[in-house]
Amino acid sequence: AVTHTPILLSTVSKDWLSFSSSCSRLRQIQSILTQSSKSQPDGILCILGIDSRYNEGCRELANYLLFGLYNQNNNDFEKTGFPEEVLDDVIILIKPDSVHLYCNPVNYSYLLPYVAYWRNLHFHCLTENEYEDEEAAEEFKISSFVDMVRDCSRIGIPYSSQGHLQIFDMFIVEKWPVVQAFALEGIGGDGFFTMKYELMDVSMDLWKTYSKMDPVSLEDLLFEDLMTFEHQWTSFFANFDTEIPFILELSESQAGEPFRSYFSHGMISSHITDNSPSRQPFVLFGNHSSKENLDSGNFNFPSEGHLVRNTGVGGSTAKHMVVQCVSPKGPLACSRTYVFGTTHIPYLGNRLLSQIYAAVVEAVLAGIACYAKTSNATKSLNIEISFCFRIIPLDNEDSLYLVKTAAMTIYDIPDLLGGRGCLGSVVFSESFLASQIFIKEKDGSINTETSYIILTAAIPRYVSWLVSISIILDSSQAMPEEGKLYFFSDGILFSHPHHGSITVSKNHMDSIKFYDGDSTSVVAALFIDFKSSLLVHLPVQLHTPSNFLMIGLFPKSKIYKAFYSQVFSSWKQTNSGISLKVVQADFLSVEQKRLFLQHFAVSSISREPVMRAHLPILLQQSESIPVSNAENKVVITIITGLPGCHSSDLSAFLVTFNKEYGRWVVYRQTMDSPECFSAARFQRYLSSVLESQQNRSARQSSYSRKKMRLLVVLQGYTDVIDVVQALQTHPDPDVKSSFIIGTISTCVEPLSCYMEHRFLFPKFLDQCSQGLVSNVIFTSHTTEQRHPLLVQLQSLIRAANPAVSFILAENGLVTRNEDIELILSESSFSNPQMMRARYLMYPGWYDGKFGAGSVFPPMVQICVWFSRPLEKTRFVTKCKGKNLEGSEPTPSGRSLWKAGTSPRALRHERGALRHRSLRSRESRSAGTPGLRAIRHPGERGPPRLYPGPSSPESGAHADAGCGRRGRGFVDFRGRAARSVESGSSCSLPR
């Protein structure tokens, strides 16, 4: 299906643009790092402000990712009152599946709305109190920079801005202040930056990405660039709004001055270097529009001697002119052919040129429509014309999401009537943008849903000169024309200063309908379907394939009042066979209501297919999702969170509190697994649950016959999208169709969120993602709702997921019935807004193709078993003893985290995480059942604690408790941190 929607009807909401385009732009940059190239970089480094000596390439990349936040004309920063060096204090390192962002507490709040949606985002930021120490803040910036690039070997630099290519010099980069500081002893990276890492310029790869349109850049184009572009045409037409003698004396130089000034001034700061004739403005009269002159491209200094009165055949008055306007800073360009004379009965004039031009217009528009459907430039303009012509092909080298210009020129048209030479050439072009969504049908086949928008359609395609009750005459293809309207019993007379008089007799009408919006802001309209016999009485520009005209009457105008008082009743009761019919708004074309921007907002995100049933939801045409046999499906309630978040306590509370609600099956992620989440294990568990349900006897108790619900409890660094995709990609379609996710909730223990400063534990923000998580449950500080830490985390989570619900549940105990209903909702996950967000933020999620990215820093979960009942008092006393006193990090840079159920982050110093660590000697730990202290060969420092013999557990299990065989948990940070955690009741002290 192909739709063409008039532009500027409406725009997509800012909320829609913000999160989808923010994530999409980041993925576009990350795609540079995943290209199949031997020399591709491991990351792209962007340093702003004085730390990069105000490098323009870095600022351009930041503006692309942050939607112009650091533009020079952005006055928001100036209003803050903070100095520029504080606001520009930003370092961004983009990796293939993550982003590291250094900032300070001042610009953090300005950056957060733009970056909170990014996947696997790692903040390197001090708290307000820590930032007060200037020396410590500078050391933190350097150590953060060192940590950010530690895992890289090749780093890309956005060295040059668009249109200002500079020869890449890595020694210039070495002179950037923060890069110089990399070599400082003690806090630096132990060597020069350019000697330790291979640097490469990625500017040209970035420019290709910048040129691709997305909803935000399209909105800027429509409401900024296009408005300026259209203003130049208004200035151009003003030159011809004069009396006939003065028009005859106009020169090409005078007529084209608005286009040349607009173009030349804009090119001073433009990044576009194309100087071909198709990218230059011109105005050429009559036979001066020859192929030779059009191909020369020398339009900078047009002749003052080429006038309207002397550029026709044999020095006579020109019969037409060709014009082109080009945006110097953007992709917009369009050309037109306008006529000096008239083209309809009772005038004959330049009918030959007008007919040729009308055919050219129709061919180009048909080519655009065909291209939008096929994405094939050759098929779309495969036209043969008897005259010499040139076709400018539609470029499809990089992507569908580029603004293109479709153009056609017919050169050197001979004077067939006079036979005295050449009349000149005819040109026409339009800038347009196509949108294509891949649709997956029920049978697995892939089809496309396409749409397109002609960006320059508002520029009049037909205008003539030489041949005020305000009304508008319009057709589906023509541009509105304003003039005087006279009503008669048998027809209409329309008088226009450029076209002369146009008569529309009822003898040539098939029907006439009237729509009145009955509002001061809605134009009333007459819709006329006419016979082909009327075409010779209409100017060529009003010819349409559907033989349709619309006459608009402005509400409360004189003509509107006169129509009702003198015309309406008589036309409605006429006996001539054609009577006036009143229609409602539904008569208006559905195509006129569809918004291209809505379509493009979906298609520009990804090339991954969309399910046919979900397309109306994505295009906001429907707010209901068809679900077959939903009542027969097993509802899955997912509760997730970081270690120590009390998700197990919450799940136990829900099962106990809601025993009468249904039959519960609980899946708990095993903590002794080397993986954060095993999709294969989860899929096997789902199969076993379904098999168990199907094998139950029909003679069961009433309790057993209750509807079964599955509660999935995930406590760790699991990315929620992995769990969703595990269900979506289940190899057994029967199992997949038997389960449905009801809701996903995330437990948050405020003291367990930050490792240090504002460096979050892995996957924290991803566990609160929009489109997946409906509820965030805070499990501590619930009695201090204005606690600074709680308020700060709520602001962070709200920025990442504006629609999420906040629930207070101290230690996992929910106190309000409405909160329990939110957590146990059976439809929250299938909410249309949630569905829309999933497709936009996780392209390919429905088919399991979205890559969640790895856990960083790497976390290893180790289960520690106790072989005899735990004496809690004695154990806690020993933990407080010398064996747990802090020690220096090992020479390898590894440090240990000491934490309880709610681990706390401690101090960061000189690039390593320092805090209390478990220090144990083999002799001291020998008396602790189930714990073994092991030092790996070649490793210095204190030995590590490892579990003794243990027995494996299944996927679904219960938490350990005190006074019985139990277990604790130890989380190791691969390079910089580790943590220790006990069972739910046997917690180590913080």
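- An unreviewed UniProt entry annotates the protein chain as Dynein axonemal assembly factor 9 of Chelonoidis abingdonii.

1. Focus: the overall build of the protein chain
No. 1: When helices and strands are counted, the protein chain shows 30 helices and 39 strands.
No. 2: The 990 residues of the protein chain split such that 55% are buried.
No. 3: Summing over all exposed atoms, the protein chain offers an accessible surface of approximately 42,900 Å²; the carbon and sulfur share of this is 51%.

2. Brief notes about the nonpolar core
One recurring pattern in soluble globular proteins is that nonpolar side chains are buried together.
No. 1: Residues F123, F145, F193, L710, F739, F764 and L796 are the most contacted members of the largest nonpolar core, which totals 140 residues.
No. 2: In terms of residues, this core owes the most to one element, helix α26 (residues 788-800), which gives 7 residues.
No. 3: When sequence neighbours within four positions are dropped, the list of residues in contact with F145 reads L45, I47, I91, V178, V179, F182 and F193.
No. 4: If you look at the next biggest cluster of nonpolar residues, it comprises 64 residues, including F229, Y262, V283 and C325.

3. As for the packing of helix α2 (residues 56-65) against helix α11 (residues 203-210)
No. 1: At a closest axis distance of 11 Å, the pairing of α2 and α11 adopts a crossing angle of 30°. Classified by the angle their axes make, α2 and α11 are roughly parallel. Pair α2 / α11 crosses with left-handed handedness. Taking contact as the criterion, the partners of E60, L61 and Y64 in α2 are, on α11, L206, W207, T209 and Y210.
No. 2: Of the residues assigned to the contact of α2 with α11, the class counts are 5 nonpolar, 1 polar and 1 charged.

4. Regarding the sheet that holds strand β28 (residues 739-748)
No. 1: One open sheet accounts for 6 strands, arranged β26-β27-β25-β28-β31-β32; its pairing is parallel. Only two strands of the sheet have a single neighbouring strand rather than two, namely β26 (663-668) and β32 (805-808). Shown here is a sheet whose adjacent strand axes are inclined to one another by a mean of 25°, direction ignored.
No. 2: In the sheet, β28 pairs with strand β31 (residues 775-778) via 4 bridges, with the strands oriented parallel. Its bridge partner lying in β31, V748 is registered against F778.
No. 3: In the packing of helix α22 (residues 647-657) onto the sheet, contacts are made with β25 (634-641), β26, β27 (708-715), β28 and β31, and the angle to β27 comes to roughly 165°.

5. Focus on the sheet that holds strand β2 (residues 43-47)
No. 1: In spatial order, the strands read β5-β4-β3-β2-β6-β7; together these 6 strands make up an open sheet with mixed pairing. Of all strands in the sheet, those bounded by a partner on one side alone are β5 (121-124) and β7 (198-201). Each strand of the sheet is rotated relative to its neighbour by a mean of 25°, with strand direction disregarded.
No. 2: Inspection of the sheet shows strand β3 (residues 91-95) paired to strand β4 (residues 98-102) by 5 bridges, in the antiparallel sense. Within the sheet, the bridge partner assigned to I91 lies in β4 and is Y102.
No. 3: Along the sheet, α2 makes contact with β2 and β3, crossing β2 at roughly 100°.

6. A word on the packing of aromatic side chains
No. 1: One pass over the full model with this rule turns up 40 aromatic pairs.
No. 2: Pairwise contacts between aromatic rings join W233, F236, F237, F240, F259, F285, Y338 and F340 into one cluster.
No. 3: The ring centre of Y411 lies 5.3 Å from the NZ or CZ of K291, which sits over that ring.
No. 4: Taking NZ or CZ as reference, R758 lies 4.5 Å from the ring centre of Y108, over its face.

7. Concerning α11
No. 1: For α11, the full list of buried residues reads S203, L206, W207, T209 and Y210. The buried residues of α11 occupy one face: seen down the axis, they fall within an arc of 160°.

8. Re unusual backbone geometry
No. 1: Cis peptide bonds are those with omega within 30 degrees of zero, and the linkage from F856 to P857 qualifies with -10°.
No. 2: You can see P857 is positioned in the loop between α28 (832-841) and β33 (859-865).
No. 3: In the Ramachandran plot, R53 falls in the positive-phi region, its phi being about 55° despite a non-glycine side chain.
No. 4: The residue R53 is located in the loop between β2 and α2 in this model.
No. 5: Phi is positive for H757, which is not a glycine, with a value near 45°.
No. 6: Structurally, H757 can be placed in the loop between β29 (754-756) and β30 (759-760).

9. Section: the environment of L111
No. 1: Examined against the element boundaries, L111 turns out to sit in helix α5 (residues 105-115).
No. 2: Ignoring sequence-local partners within four residues, the contact set of L111 consists of L66, L69, Y70, V90, L101 and C103.

10. Regarding the pattern of salt bridges
No. 1: With the rule as written, the count across this model stands at 21 salt bridges.
No. 2: The shortest N-O distance in the salt bridge between K849 and E608 comes to 3.7 Å. Of this pair, K849 sits in the loop between α28 and β33 while E608 sits in the loop between α20 (596-603) and β24 (610-611), and the two are 241 residues apart along the sequence.
No. 3: Here D819 makes a salt bridge to R816, at a shortest N to O gap of 3.0 Å.
No. 4: Classification of D819 by relative accessible area gives buried; the value is 4%.
No. 5: Among the ionic contacts, a cluster of salt bridges with common partners joins R119, D719, K763 and D766.

Each value, and the rule that gives it
- Residues numbered from 1 in each chain as written.
- Predicted model: local features only at pLDDT ≥ 70, side-chain atom pairs only at ≥ 80, totals over all residues.
- Heavy atoms only, no water.
- Helix = DSSP H or I, 4+ residues; strand = E, 2+ residues; numbered from the N terminus.
- Buried < 20%, exposed > 50% of the residue type's maximum accessible area, 1.4 Å probe, protein only.
- Areas by Shrake-Rupley, 256 points an atom, 1.4 Å probe, with all protein chains shown as cover.
- Core = buried A, V, L, I, M, F, W, Y, C linked by side-chain atoms within 4.5 Å.
- Contact = heavy atoms within 4.5 Å.
- Axes fitted to C-alpha atoms, helices over the stretch in contact; angles between N-to-C directions.
- Parallel < 35°, antiparallel > 145°, perpendicular 65-115°, else oblique.
- Left-handed = near helix turned anticlockwise from the far one by under 90°.
- Nonpolar A, V, L, I, M, F, W, Y, C, P; charged D, E, K, R; others polar.
- Pairing = 2+ DSSP bridges.
- Phe/Tyr/Trp six-rings, centres within 6.5 Å; stacked < 30°, edge-to-face > 60°.
- Lys NZ or Arg CZ within 6 Å of the ring centre and 35° of its normal.
- Arc of directions from axis to C-beta.
- Salt bridge = Lys/Arg side-chain N within 4 Å of Asp/Glu carboxyl O.

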